[in-house]
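# Fold and contact review
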Amino acid sequence: MKRQQGLSTLGALLLAVGLALSGWWVSSALLKFKTGDRYVTVKGLAEREVPADLVIWPITFNQTGNDLNALYQQTQANAKQIAAYLKIQGLEKAEQSLSTPKIQDFEAEGYRQERAPNRYKAEITYTVRSNDVALVKKAMRESGELVKDGVALAPWGAQPEFLYTKFNELKPE
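In this report, the structure presented in the accompanying data block is examined. (Residues numbered from 1 in each chain as written. Predicted model: local features only at pLDDT ≥ 70, side-chain atom pairs only at ≥ 80, totals over all residues. Heavy atoms only, no water.)

## Topic: the overall build of the chain
Within the chain one finds four helices and six strands. The helix and strand sequence of the chain, counted from the amino end, reads α-β-α-β-β-β-α-α-β-β. Counting the 173 residues in the chain, one finds 24% classified as buried. Approximately 13,300 Å² of the chain is accessible, and the part contributed by carbon and sulfur atoms is 56%. (Helix = DSSP H or I, 4+ residues; strand = E, 2+ residues; numbered from the N terminus. Buried < 20%, exposed > 50% of the residue type's maximum accessible area, 1.4 Å probe, protein only. Areas by Shrake-Rupley, 256 points an atom, 1.4 Å probe, with all protein chains shown as cover.)

Right, here's the structure in full:
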């Protein structure tokens, strides 16, 4: 009888602990729910479209070959062709930079079954940064001239960025 009474007491104690824990869980969930509406979204007083005043145009091109030195020389020649093209387009004063080449060695890839016609592939990005957005857009439209001159432009390269940098000068009317 004592044993049965002890089990009843233990069961009642476990039930009380379970009810207390579930009450605590429900109250904390209600508290989180209530504090969730303390955030607001603020939108500006006015919305307007403004023209970009800065453009960053990454020109990505590829070159393949079997000799790394010759591959490097060809990538440098392509970079000079791009610089000459930009000068013809009137962008010689634009900030220009050339990335480090990303070299892919096809013979070092363990999963390739067949031999590639060229062992190496170099991918380089020539970046133009300018405040003359209209001039860069014109150069972008006519960039097929680079392909005609033998520069293999990568179709999956980074997209140009058109930015507006004078946010502090915008005042609501």
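## Structural notes on the nonpolar core
Grouped together as the largest cluster of nonpolar side chains are 22 residues, with contacts concentrated most on Trp57, Ile82, Leu86, Tyr126 and Val128. Of all the secondary structure elements, the ones that give two or more residues to this core are β1 (54-65), α2 (68-88), β4 (120-130) and α3 (133-141). Not counting chain neighbours up to four residues away, the residues in contact with Val128 comprise Val55, Ile56, Trp57, Ile59, Leu86, Ala94 and Glu95. (Core = buried A, V, L, I, M, F, W, Y, C linked by side-chain atoms within 4.5 Å. Contact = heavy atoms within 4.5 Å.)

## Quick look at the pairing of β1
Among the twelve residues in β1, eleven count as buried, and that is most of the element. The pairing of β1 with strand β6 (residues 161-163) spans three bridges and is classified as antiparallel. Its bridge partner being in β6, Val55 is matched across the sheet by Phe162. (Pairing = 2+ DSSP bridges.)

## Focus on the packing of aromatic side chains
Across all of its chains, the model carries zero aromatic pairs by this definition. Against the face of Phe162 rests Lys137, its NZ or CZ located 5.9 Å from the ring centre. (Phe/Tyr/Trp six-rings, centres within 6.5 Å; stacked < 30°, edge-to-face > 60°. Lys NZ or Arg CZ within 6 Å of the ring centre and 35° of its normal.)

## Looking at α3
All buried positions along α3 are accounted for by Val133, Val136, Ala139 and Met140. One face of α3 carries all of its buried residues, which in axial projection span an arc of 125 degrees. Exposed side of α3, more than 90 degrees from the buried face: Ala134 and Arg141 are the residues found there. Among the structural elements, β1, α2, β4 and β6 are those in contact with the buried residues of α3. (Arc of directions from axis to C-beta.)

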